[in-house]
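Structural description and commentary
So you can see what is in the structure, the chains are spelled out below.
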Amino acid sequence: MLDRFKVSLLLQILTLVLLCPNYKASSLGLTVHVEPLESDGGNTVRAHFSAIAPNPCPALSGLCADGEDCLVHPASLPFTGSKPNSGWCVRQWQKTVPSDYNATISLGSNTQFYVAIKAKPIIRENNGKLNQPAYVALPPPLRARVNCLQQFSLSVKDLDTDRVSCRFARAELGECVNCTEHSFIKLDNRKCTLKFTGEAQAGQYFIYLMAEDWITIPKINEVIENKPLSAVPVHLSLTVEEWASSCSDLVNFTTDFTSDLESISEIAVVGPPELFRVGYKSVGSVATMNVGWVRSENNLARLLPICFAVNTKSFQSEPRCVWLYQREMKTLPAGTELTCQETEMTLVLPLKSLSEINPEELQLNSPTCPVSYNTTHLTARIPLSGCGTKTVHAGSDLVYTNTLQSVRPYTMVSRKPSLIFPLACRIPKKVNATGPHYNMDMPTEKEVFGEIGVWIEMHFPGEGSLSRFTRIPRFRTLNMMSRRLRREAESQSERNSTSSTDNSTSTSSTDNSTSTSSTDNSTSTSSTDNSTSTNSTNNSTSTDNSSSTSTSSTGSIGSRINMLDLYVLSNCSISRAEMLVSNCIESATEDFAISHPILEQGCTSSSSTLEIITTQTNSRIYRLDMSTIETQGSTMYIQCTLNLCISTMPSEKCPDLCTRSFNSRSVVSSLYTKSYTVKSSPISLVVTTAAPTTTTIKSPTTTKTIAQTTTTTTTTTTTTTATTTTTTAAVTTASTNTTCSNAPEQASALVAGVILTTMSIFLQNICLY
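Criteria and cut-off values
- Residues numbered from 1 in each chain as written.
- Predicted model: local features only at pLDDT ≥ 70, side-chain atom pairs only at ≥ 80, totals over all residues.
- Heavy atoms only, no water.
- Helix = DSSP H or I, 4+ residues; strand = E, 2+ residues; numbered from the N terminus.
- Buried < 20%, exposed > 50% of the residue type's maximum accessible area, 1.4 Å probe, protein only.
- Contact = heavy atoms within 4.5 Å.
- Areas by Shrake-Rupley, 256 points an atom, 1.4 Å probe, with all protein chains shown as cover.
- Polar contact = N/O pair within 3.5 Å; in protein donor to acceptor, adjacent residues only side chain to side chain.
- Pairing = 2+ DSSP bridges.
- Axes fitted to C-alpha atoms, helices over the stretch in contact; angles between N-to-C directions.
- Salt bridge = Lys/Arg side-chain N within 4 Å of Asp/Glu carboxyl O.
- Core = buried A, V, L, I, M, F, W, Y, C linked by side-chain atoms within 4.5 Å.
- Disulfide = S-S within 2.5 Å.
- Phe/Tyr/Trp six-rings, centres within 6.5 Å; stacked < 30°, edge-to-face > 60°.
- pLDDT = per-residue confidence, 0-100.
- 1 Å grid on protein atoms, 1.4 Å probe; cavity = no way out; pocket = protein on both sides within 12 Å on 5 of 7 lines; lining within 4 Å.
- Points joined across faces, edges and corners; volume = space filled by probe spheres on them.

**Here's the deal with the overall build of the chain**
What the chain contains, in helices and strands, is five helices and 51 strands. When burial is assessed residue by residue, the chain has 51% of its 769 residues classed as buried. Of the contacts formed within the chain by residues at least 6 apart in sequence, a portion of 73% connects residues at least 24 apart. Carbon and sulfur atoms form 50% of the exposed surface of the chain, whose accessible area is close to 37600 Å².

This is the structure we're talking about:
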């Protein structure tokens, strides 16, 4: 008999394999929350499916057939993510199926997967009710790095408080198809924890699990045979990536996120339908987002998990989950009325339904708002802008919530029943659009900043629209990323900031190095072929810009350009608005398939890149030593990410992204635009036009020093300089987020500086309603 069963099972598996040989793609993740239906004794269940599909996001068509008890959840704000690089989206639906169920499910034309549910009805001896299978939260697609040990803990719950364990799905039990176990994935069954050993090649791998619930028994009785009550499927994907950074450079968090290495690219969230995520802000190492869910009449599962993880270009934080528990709501007593009006909601509640409730103990969110009652009814008039009423945005609707509840003194211990009566008024978009008193949101970007345009320009030092700042520049030494600083420290002798072209030399230095021009905060050096003018002070230098000239070193056609100024500009005219440039990268290709950092989280990736100080708060200038650029071809492209910031409090300032004393809370008290990404057109790295000969007259220069004042007269010299032309990029508006610019053909001047820095990431305002 047993052999016949095995043969039958093998035939079923073989049939499945033959019928489904062409899996174009598996899901990147899947969980099924199963609820037995009391109406037929648990022989059928309502299965709530959540599946992560790779992009392009598949349609929901084909999941429900005619006549089936089936419902799809088209999301007004779908759950999506960009990491792993293919991108992904979440599809959710529910369906009434047999308690012992298996099927092959297709999502669109490119995603197909097999599921098996084992939830035959079992009446529990402790309460006489149907057993409830385990719930497993679905995390965003998992990521790890080659040769790096990493652990992933699944979040599990059980309504019956049973013990939940996880095991690998088994093909011979009809639980999966082509479900090979990977030697580099270890599973702690009791804790539902996966451990990646790191011993895998880069690629994408799929993990198939079954989550089981067990009756909890004392350890002393564990020898007694104890079988699982049910089993539900859990599918996960793991993308293993190649990265040069060390395994210790992970993104970790306790109550907030911390990333000292890379900027946040996204906060990936997977949760119940109509979970609203608003106010996402990302500036350098700081990211915030508000999450809210408003309960209304629904037939979703009683337990609703919300899982989230932070992704950077090469890292992922440990996924974390929170759970929403939907309590079973009793039917409202006859005669109960909640009326929603323009400025208030009015509640009328029959007192006969509160026979064991003391009406004197009832109050709203705010105890200052009265609740009146007589012998028959309780009445409460609740303003939409007071009495503790909270406002939540549910897509395009506004939802006003309050709670009528029993409140007793903390010293009182009572066995009498209490009341918790949540109240809500939903104002649809077509209604709230008619009155300004419903506009509860923050002002829009356009209302705050106007029509925003951002763009990039490349110029020779001393050229361009902000040449008055670059001719005799004052430099702000940017801190370096900690990992870059370690690399620089290993080769200190190679960090001498010297640039030589033909017969001229120009040197500028800060910190503790020695050079021809040295100050604490600013440096100015001018060099020509036949003469040199040098200014040196102990603490600061002030130079009359009208009587001095800085010239660019020349180069023959085909020689490599040695210095350029990177302009990151905007057309914002608000005086309090400040530009924050968090990241800039350069690449030899327009698609930035392989890129190298120039700025990371506002910090420089090279000790020879500095920021030029200006009085323009809506623009930034960075002097680039082209000899440190990793692109070795004749052209390159630059892409920058930036924000505009206005502090909402006069006492607050927009955060300095590259400073040791960075306060992550300042991002919450500042108002930002969304992140802008701007790109350049091809930038030539070699001289393409011969330089004509011109004559430059240098006037007497007066140098003022704190200790004393001296006058130095410089003779007139004849200097060969290059004429340059600069093409300014077209302004990029908020709708396009891209820009172009042409580079000049040559440049001069070199500066260097190294300072340590640490950065932090702050995630707050996760509000669950």
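The structure having been displayed, the exposition proceeds.
**Details of the side chain of K95**
Its place among the elements puts K95 in strand 5 (residues 88–98). Accessibility expressed as a relative area gives 14% for K95, which makes it buried.

**Some words on the environment of G450**
Inspection of the secondary structure puts G450 in the loop between helix 3 (445–449) and strand 32 (453–459). As for G450 and N571, which are separated by 121 residues in sequence, their C-alpha atoms are 9.4 Å apart.

**Some details on the environment of S317**
Mapping S317 onto the fold places it in the loop between strand 22 (303–311) and strand 23 (320–325). A relative accessible area of 1% places S317 in the buried class. Considering only alpha carbons, one finds S317 and L142, 175 residues apart in sequence, at a separation of 9.6 Å. A distance of 2.9 Å separates a polar atom in the side chain of S317 from the backbone nitrogen of V310.

**Some remarks on the sheet that holds strand 22**
The three strands lie next to each other as 19-22-23, forming an open sheet whose pairing is antiparallel. The open sheet has two free edges, formed respectively by strand 19 (266–270) and strand 23, since each of these has just one partner strand. If you compare each strand with its neighbour and ignore which way they point, the axes differ by 20° on average. Bridging between strand 22 and strand 23 involves six bridges; their strand directions are antiparallel. Considered in strand 23, the bridge of F308 is made with R320.

**Examining the pattern of salt bridges**
Inspection of every chain in the model, using the stated rule, returns 15 salt bridges. A salt bridge links R143 to E241; its shortest N-O distance comes to 3.2 Å. Here the residue R143 occupies a position in strand 9 (residues 142–145), and E241 occupies one in strand 16 (residues 230–241), the gap between them amounting to 98 residues. Neither residue differs from the other here; R143 and E241 are each classed as buried. Among the charged side chains, a salt-bridge network with shared partners connects K118, R167, E175 and E212.

**Here we look at unusual backbone geometry**
Between N55 and P56 the backbone carries a cis peptide bond, its omega angle lying at 5°. Inspection of the secondary structure assignment puts P56 in the loop between strand 2 (44–54) and strand 3 (70–72). A positive phi is found at C387, a non-glycine position, where the angle reads about 60°. As for its position among the elements, C387 is in the loop between strand 28 (377–383) and strand 29 (390–394). Residue C387 is classed as buried on the basis of its relative accessible area of 10%.

**Digging into the sheet that holds strand 25 (residues 344–350)**
Strand order in the open sheet formed by four strands is 24-25-28-27, and the pairing between neighbours is antiparallel. Pairing within the sheet leaves two strands with one partner each, and these edge strands are strand 24 (337–340) and strand 27 (372–373). As judged from the seven bridges shared by strand 25 and strand 28, these two strands associate in the antiparallel manner. Its bridge partner lying in strand 28, L347 is registered against A380.

**Focus on the nonpolar core**
Counting 44 residues, the largest nonpolar core has F196, L209 and L238 as its most contacted members. I561, M579, L624 and I646 belong to the second-largest nonpolar core, a separate cluster that totals 35 residues.

**Focus: the state of the cysteines**
For the structure on display, the rule yields eight disulfides. Across a sulfur-sulfur distance of 1.7 Å, C176 and C179 are joined as a disulfide pair. Here C176 and C179 share a disulfide; its torsion about the S-S bond, 40°, makes the bridge right-handed. With relative accessibility at 4%, the residue C176 sits in the buried group. Disulfide pairing is shown between C369 and C387; the S-S distance is 1.8 Å. An S-S torsion of about -100° defines the bridge between C369 and C387 as left-handed. Of this pair, C369 sits in the loop between strand 26 (362–363) and strand 27 while C387 sits in the loop between strand 28 and strand 29, and the two are 18 residues apart along the sequence.

**Here's the deal with the packing of aromatic side chains**
Given two aromatic rings, one states the distance between the centres and the angle between the planes to describe the pair. Within the structure shown, the criterion is met by three aromatic pairs. An angle of 85° between the planes, with centres 5.9 Å apart, marks the rings of F184 and F196 as edge-to-face. Highlighted residues: F184 in the loop between strand 12 (163–168) and strand 13 (185–188) and F196 in strand 14 (residues 193–196), separated in sequence by twelve residues. One exposure class covers both F184 and F196, and it is buried. A centroid spacing of 4.8 Å and a plane angle of 70° characterise the contact between F184 and Y205, whose relative ring orientation is edge-to-face.

**Concerning the pairing of strand 10 (residues 150–153)**
Working note: regular strand, side chains alternate between the two faces of the sheet. Judged by which residues are buried, strand 10 turns out to be one-sided: Q150 and F152 face inward and are buried, whereas Q151 and S153, on the alternate face, are not. Pairing geometry for strand 10 and strand 14, over four bridges, is antiparallel. When the sheet's bridge partners are listed, F152 is paired in strand 14 with L194.

**Remarks on the confidence of the model for the chain**
Averaged over every residue, the pLDDT of the chain is 74; residues scoring 70 or more account for 68%. Mean pLDDT values over the elements of the chain span from 31, in strand 50 (residues 709–712), up to 97, in strand 8 (residues 135–136). Every residue in residues 13–23 is under pLDDT 50, and counting partners more than four places away or in other chains gives twelve contacts. This model gives residues 432–441 a pLDDT under 50, and the stretch forms 19 contacts once residues within four places in sequence are excluded.

**Digging into empty space enclosed by the protein**
What the rule picks out here adds up to ten cavities of 30 Å³ or more. In this structure, the largest cavity encloses a volume near 220 Å³. H33, S50, Q92, P272 and P273 are, among the 23 residues lining the largest cavity, the residues nearest its centre. Contributing elements (two or more residues each) for the lining of the largest cavity: strand 1 (29–36), strand 2, strand 5 and strand 22. Looking at the lining of the largest cavity, the element that brings in the most residues is strand 22, giving five residues.

**A short note on the side chain of T470**
Mapped onto the elements, T470 comes out in helix 4 (residues 467–470). Here T470 falls in the buried class, since its relative accessible area comes to 1%. Looking at T470, its side chain comes within polar contact range of the main-chain nitrogen of G462, at 3.0 Å. Residue contacts for T470: discarding those within four places in its chain leaves P461, G462, E463, D565, Y567, I612, I621 and R623.

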